[in-house]
Amino acid sequence: EAGVTQSPTHLIKTRGQQATLRCSPISGHTSVYWYQQALGLGLQFLLWYDEGEERNRGNFPPRFSGRQFPNYSSELNVNALELEDSALYLCASPPPGRYYGYTFGSGTRLTVV
Amino acid sequence: GENVEQHPSTLSVQEGDSAVIKCTYSDSASNYFPWYKQELGKRPQLIIDIRSNVGEKKDQRIAVTLNKTAKHFSLHITETQPEDSAVYFCAATSGSQGNLIFGKGTKLSVKP
């Protein structure tokens, strides 16, 4: 079974630009969770998508947004990039109908210069 | 909302000793408590989890205990080995929501 896949692996952007990160959950899994892992700050919850809808969002500004497609893959968009947005962005996928047993993808390392 | 505190932030032990990491949570509605291990440059991996209707769970050298009344849970690693060196994160469900809230992590170093 393929795991959670994320792309790109690395992304370098200039302050003020937009970044788009992608995630494909494990086949058959309908939920996708996005987390930001900045240095020294642990994993901060960003967004949760299930069955194509946003179910919950963390304490992040509106310039962090996303969507989930009919095939359950998801996209995270970060607008008006700031230097402090530099972090590892992780996507997680739990088994269907359950919120436990997250499997994380390898992440996208976003660097804002 | 849920808040998860994790201690200590760093822990250094000798190979063969035990290591204990403690977490507290704030939301009494939280009902699922996983622990993740993250090695340098890798993704977090689930190592053990416990649900609120269970007080203790063990898997070989690792165990987790939960005290619902005090709202704290702990990870115990016995007979530590150098390959146990990593950052460990505790987490709790955000009340009735599905997302997990993570502690800030504990960097465990096991010295040979």
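Residues numbered from 1 in each chain as written. Chains lettered and ligands numbered in written order. Predicted model: local features only at pLDDT ≥ 70, side-chain atom pairs only at ≥ 80, totals over all residues. Heavy atoms only, no water.

Next up on the list: the packing of aromatic side chains. Enumeration over the complete set of coordinates arrives at 15 aromatic pairs over all chains. Judged by centre distance (5.2 Å) and plane angle (15 degrees), the rings of Tyr33 of chain A and Trp48 of chain A are stacked. Within this pair, whereas Tyr33 of chain A is found in strand β4 (residues 31-37), its partner Trp48 of chain A is found in strand β5 (residues 43-50), the two being separated by 15 residues in sequence. Exposure class is identical for Tyr33 of chain A and Trp48 of chain A. Each is buried. Plain terms: the ring middles of Tyr25 of chain B and Phe33 of chain B are 4.7 Å apart, the flat faces sit at 45 degrees to each other, and that makes the pair tilted. Comparing Tyr25 of chain B with Phe33 of chain B, the two get one shared label, buried. Ring pairing ties together the aromatic residues Tyr33, Tyr35, Phe45, Trp48, Tyr102 and Phe104 of chain A together with Tyr36 and Phe102 of chain B, which thus form one cluster. (Phe/Tyr/Trp six-rings, centres within 6.5 Å; stacked < 30°, edge-to-face > 60°. Helix = DSSP H or I, 4+ residues; strand = E, 2+ residues; numbered from the N terminus. Buried < 20%, exposed > 50% of the residue type's maximum accessible area, 1.4 Å probe, protein only.)

Residue and element names in this part refer to chain A. Direction of pairing for β5 relative to strand β6 (residues 53-57): antiparallel, over a ladder of four bridges. If you follow Tyr49 over to β6, its bridge partner there is Glu54. Taken together, β5 and the strand that follows it, β6, pair antiparallel across an intervening segment of two residues, in which Glu51 is found at a positive phi of about 50 degrees. (Pairing = 2+ DSSP bridges.)

Bringing the sheet that holds strand β7 (residues 64-68) of chain A into the picture now. All names here are of chain A. The antiparallel open sheet is built from four strands, whose spatial order is β1-β3-β8-β7. Every interior strand has two partners, whereas the edge strands, β1 (5-7) and β7, have only one. Pairs of neighbouring strands in the sheet enclose a mean axial angle of 20 degrees, with direction left out of account. By the bridge criterion, three bridges tie β1 to strand β3 (residues 19-24) in an arrangement that is antiparallel. Counted as the bridge partner of Gln6 is Cys23 from β3. (Axes fitted to C-alpha atoms, helices over the stretch in contact; angles between N-to-C directions.)

Glancing now at unusual backbone geometry. The residue after Ser7 of chain A, namely Pro8 of chain A, is reached through a cis peptide bond having omega -10 degrees. With respect to the helices, strands and loops of the structure, Pro8 of chain A is situated in the loop between β1 and β2 (10-13). Backbone geometry places Ala80 of chain A, a non-glycine residue, at a positive phi of 45 degrees. Inspection of the secondary structure assignment puts Ala80 of chain A in the loop between β8 (74-78) and β9 (87-93). For Ala80 of chain A, a relative accessible area of 42% gives the class partly exposed. A positive phi angle is found at Lys71 of chain B, which is not glycine, with a value near 60 degrees.

With 99% of its residues at a pLDDT of at least 70, chain B reaches an overall mean of 93. Looking over chain B, one finds the lowest element-wise mean pLDDT in strand β10 (residues 100-102) of chain B, namely 92, and the highest in strand β2 (residues 10-14) of chain B, namely 98. (pLDDT = per-residue confidence, 0-100.)

Moving on: the interface of chain A and chain B. At the interface, 19 residues of chain A touch 18 residues of chain B. Scanning the region where chain A abuts chain B turns up seven residue pairs in polar contact (both at pLDDT 80 or more). Secondary structure elements with two or more residues in the side of chain A that touches chain B: β4, β5, β6 and β9 of chain A. Residue composition of the side of chain A that touches chain B, grouped by class: 12 nonpolar, six polar and one charged. (Contact = heavy atoms within 4.5 Å. Polar contact = N/O pair within 3.5 Å; in protein donor to acceptor, adjacent residues only side chain to side chain. Nonpolar A, V, L, I, M, F, W, Y, C, P; charged D, E, K, R; others polar.)

As a volume, the largest pocket reaches approximately 700 Å³. Those elements that place two or more of their residues in the lining of the largest pocket are β9 (86-93) and β11 (106-111) of chain B. At four residues, β11 of chain B tops the list of elements feeding residues into the lining of the largest pocket. Residues belonging to the lining of the largest pocket are distributed by class as follows: nine nonpolar, 14 polar and six charged. The space that makes up the second largest pocket amounts to roughly 360 Å³. Broken down by secondary-structure element, the contributors of at least two residues to the lining of the second largest pocket are β5 of chain A together with β1 (4-7) and β10 of chain B. For the lining of the second largest pocket, the class distribution of residues is seven nonpolar, seven polar and three charged. (1 Å grid on protein atoms, 1.4 Å probe; cavity = no way out; pocket = protein on both sides within 12 Å on 5 of 7 lines; lining within 4 Å. Points joined across faces, edges and corners; volume = space filled by probe spheres on them.)

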